Amino acid sequence: MVIGEISGGLVYSIVLIILLVAWGLWSLITIIRRNKVATLLDQKDFQEGIRTAQVVDLREKKDFDAGHILGARNMPYSTFKASHSGLRSDLPVYLYDQGKALSTRAAFILSKEGFNDISILKKGFVRWEGKTKKAKF
């Protein structure tokens, strides 16, 4: 090995480390931004506020029809930018999806539109143990 020569494996390792650090920083920035615009609620707190909030399921219609939180309305994230105008900014908005990635994105959109009381189901619908409803067909 000649002094100053870098092996291919070392280059790949350095690039991989840089990518992992960048991904980690991006994730941290997203979490910090989300915490500024929305509150993460566990199931108990989410259930307590359902009666006074606008509960929005951001999953696609087929997933919504297969089962959703009782009282939720379906606004798939794929059409959310066009359909969120039906939400009232003076009432709390509770968002959920399978996890919380889509809810985080939707919270950013709502925050830019002047919504202040935004909450996200912490572990998403995938871990929901409360009341659900399924489509009859």
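Whatever comes next refers back to the structure up there.
These remarks concern the structure in this document. Predicted model, so just to flag it, every value in this text is computed and none were measured.

### Observations regarding the pairing of strand β2 (residues 54–57)
Remember that side chains alternate between the two faces of the sheet whenever the strand is regular.
No. 1: Across the two faces of β2 the burial is the same, with Gln54 and Val56 and Val55 and Asp57 all buried.
No. 2: Pairing of β2 with strand β5 (residues 93–96), which is carried by 4 bridges, proceeds in the parallel orientation. Note that in β5 the partner of Asp57 across the bridge is Tyr96.
No. 3: By the bridge criterion, 2 bridges tie β2 to strand β4 (residues 73–74) in an arrangement that is parallel. When the bridges of β4 are listed, Asp57 appears paired with Asn74.

### Points about the side chain of Gln54
No. 1: With respect to the element layout, Gln54 can be found in strand β2.
No. 2: Exposure remark for Gln54: the relative accessible area of 6% places this residue in the buried category.
No. 3: Here the side chain of Gln54 touches Leu91 through a polar contact of 3.4 Å, landing on its backbone oxygen.
No. 4: Leave out the neighbours within four places in its chain, and Gln54 touches Arg73, Gly86, Leu87, Arg88, Leu91, Pro92, Val93 and Tyr94.

### Quick notes on the pairing of β5
No. 1: Burial along β5 is two-sided: the face carrying Val93 and Leu95 and the face carrying Tyr94 and Tyr96 are both buried.
No. 2: Two elements, β5 and strand β6 (residues 118–121), share 3 bridges in a ladder whose sense is parallel. Within β6, the position partnered with Tyr94 by the bridge is Ser119.
No. 3: Assessed by its sense of winding, the connection that carries the chain from β5 through helix α5 (residues 101–112) to β6 is right-handed.

The rules behind the values
- Along each chain, residues carry numbers from 1 onward, in the same order as the chain's sequence is written.
- For a predicted model such as this one, the threshold for reporting local features is a pLDDT of at least 70, and the threshold for listing and counting side-chain atom pairs is 80 or more; totals across whole chains, interfaces and linings nevertheless cover every residue.
- To get the side-chain values, all heavy atoms of the structure are used, and hydrogens and water are removed first.
- Per-residue accessibility, obtained with a 1.4 Å probe over protein chains only, is compared with the maximum for each type, and a residue is labelled buried under 20%, exposed over 50%, and partly exposed between these values.
- A run of H or I in DSSP becomes a helix once it reaches four residues, and a run of E becomes a strand once it reaches two; helices and strands are each numbered from the N terminus.
- Strand pairing is defined by DSSP finding a minimum of two bridges between the two strands.
- Pairs of N or O atoms are called polar contacts if they sit within 3.5 Å, as long as, within protein, a hydrogen donor faces a hydrogen acceptor (for residues adjacent in sequence, only side-chain-to-side-chain pairs).
- Whether two residues are in contact is decided by their heavy atoms, any of which lying within 4.5 Å being enough.
- Handedness is read with the strands pointing away from the viewer; a crossover is right-handed when the path from the first strand over the helix to the second is clockwise.

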